[in-house]
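So you can see what is in the structure, the chains are spelled out below.
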Amino acid sequence: MSADRSFMIKAGNRAVLLLHGFAGTTEDVRSLGEHLAENGYTVYAPNFRGHGDEPALFLKTTPDMWYEDAVSGYTFLEKEGYHEIAIVGVAMGGVFALRMAESFSPKAIVPLCANVNKKMRYIPVEKYLMKQLRKEGISGDEAEAMLKSYEPEIDTMANARSDFYKQVAKDIEKIKVPTMIGQGCQDEEIEADDANYIFKHIHTPDKQLCFYQSSGHDIVNDGEKDILEEDVVYFLDDLNWFEEEVI
């Protein structure tokens, strides 16, 4: 098992739980985390189990385990003395933010390119595995043979992800916390219209929908990342924080 890639940046009494997406690691959200910290937000970004590891280890993990990691991150911040916590999540991390808003009472949520819809598409597990195999110098027929050998585990993971996302979509009307939805219009993985679905079905009057015309699925690292970062800070700054002193 690789070293834990989770990171924390302490910067103020306001806390943000920052969640990366499927097929990624916390390095994908580090720039956003650093920008939030520069603007006075303490940031904790947990790395989901298996992400960044070799395929054999990754395929032993499940969406429920990754969600547990997200919840553990929220609990960790509470134990650190932060009682008002916003959740910013990218792609699958955004789905987890939605799920946590259905079950907990975060200060606010910011799902970015979160694919929750009744007609859902998912990043194929095979795409993630091929990416990891290339990192290990494995390609061509050897890589294809390895993927073939992993088919039962791949199917299990794909079905588990589908079930998890469908449950989030089913309960989406339970969300009543302030929400900023961000979506790249050039998203190559999901339909940009998924953002409209979320906006329409959450039950909070304090919601906003932001489209980024030239951004793809990796919205936090794309060409409009600076604009997105400022939009997220503006949204968070506008919340009614109590400014409690962290013990």
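**Q** Just give me the short version of the packing of aromatic side chains, but keep the residues and values in it.
**A** The geometry of two aromatic rings is summed up by the distance between their centres and the angle between their planes. Under the counting rule described, the total for this entry stands at 10 aromatic pairs. By way of ring pairs, the aromatic residues Phe48, Tyr67, Phe96 and Phe164 are connected into one cluster. Its guanidinium or amino end placed over the ring of Tyr67, Arg99 lies 5.0 Å from that ring's centre, counting from NZ or CZ. If you follow Arg161 out to its NZ or CZ, it ends over the ring of Phe22, 3.8 Å from the centre.

**Q** Quick one: what's the story with the sheet that holds strand β5 (residues 108–112), residue by residue and with numbers?
**A** If you walk across this open sheet you meet the 7 strands as β1-β3-β2-β4-β5-β6-β7, and the pairing is mixed. A strand with exactly one partner marks an edge of an open sheet, and here the two such strands are β1 (7–9) and β7 (207–212). Averaged over all pairs of adjacent strands, the angle between strand axes in this sheet comes to 15 degrees, irrespective of strand direction. Of the pairings in the sheet, the one linking β1 to strand β3 (residues 41–45) comprises 3 bridges and is antiparallel in character. Opposite Phe7, over in β3, you have Ala45 as the bridge partner. Seen against the sheet, helix α3 (residues 63–79) touches β1, β2 (14–19), β3 and β4 (85–90) and runs at an angle of roughly 165 degrees to β2. Docked against the sheet, helix α8 (residues 194–201) engages β6 (179–184) and β7, running at close to 170 degrees with respect to β7.

**Q** Go over unusual backbone geometry with me, naming the residues and quoting the values.
**A** In this model, Ala91 sits at a positive phi of 55 degrees, which is unusual for a non-glycine residue. On the secondary structure map, Ala91 appears in the loop between β4 and α4 (92–103). The buried category is assigned to Ala91, whose relative accessible area is 8%. Even without being a glycine, Cys113 presents a positive backbone phi close to 50 degrees.

**Q** Before we move on, could you go through the pairing of β5 and cite the residues and values that matter?
**A** Note on strand geometry: in a regular strand, side chains alternate between the two faces of the sheet. Among the 5 residues of β5, 5 are classified as buried, and the element is accordingly described as predominantly covered. Across the two faces of β5 the burial is the same, with Ala108, Val110 and Leu112 and Ile109 and Pro111 all buried. Pairing of β4 with β5, which is carried by 5 bridges, proceeds in the parallel orientation. Bridging from a neighbouring strand, Val88 pairs with Val110 of β5. Running through α4, the crossover from β4 to the neighbouring parallel element β5 is right-handed. Pairing geometry for β5 and β6, over 2 bridges, is parallel.

**Q** How would you explain the packing of helix α5 (residues 125–135) against helix α6 (residues 140–149) if you had to name every residue and give the values?
**A** Where α5 meets α6, the closest approach of the two axes is 11 Å, and the angle between their N-to-C directions is 135 degrees. As judged from the angle between their axes, α5 and α6 are oblique. Considering the relative orientation of α5 and α6, their crossing is right-handed. Here α5 contributes Glu126, Leu129, Met130 and Leu133 to the contact with α6, which in turn contributes Ala143, Glu144, Met146 and Leu147. For the contact of α5 with α6, the per-class residue count stands at 6 nonpolar, no polar and 2 charged.

**Q** Which residues make up the packing of α4 against helix α7 (residues 151–170), and what values go with them?
**A** Their axes nearest at 10 Å, the elements α4 and α7 cross at an angle of 45 degrees. When the axis of α4 is compared with that of α7, the two are oblique. The hand of the α4/α7 crossing is left-handed. In this structure, α4 uses Met92, Val95, Phe96, Leu98, Arg99 and Glu102 to contact α7, whose residues at the interface are Phe164, Tyr165, Gln167 and Val168. For the contact of α4 with α7, the class distribution of residues is 7 nonpolar, 1 polar and 2 charged.

What counts and how
Residues numbered from 1 in each chain as written. Predicted model: local features only at pLDDT ≥ 70, side-chain atom pairs only at ≥ 80, totals over all residues. Heavy atoms only, no water. Phe/Tyr/Trp six-rings, centres within 6.5 Å; stacked < 30°, edge-to-face > 60°. Lys NZ or Arg CZ within 6 Å of the ring centre and 35° of its normal. Pairing = 2+ DSSP bridges. Helix = DSSP H or I, 4+ residues; strand = E, 2+ residues; numbered from the N terminus. Axes fitted to C-alpha atoms, helices over the stretch in contact; angles between N-to-C directions. Contact = heavy atoms within 4.5 Å. Buried < 20%, exposed > 50% of the residue type's maximum accessible area, 1.4 Å probe, protein only. Right-handed = clockwise from strand over helix to strand, strands pointing away. Parallel < 35°, antiparallel > 145°, perpendicular 65-115°, else oblique. Left-handed = near helix turned anticlockwise from the far one by under 90°. Nonpolar A, V, L, I, M, F, W, Y, C, P; charged D, E, K, R; others polar.

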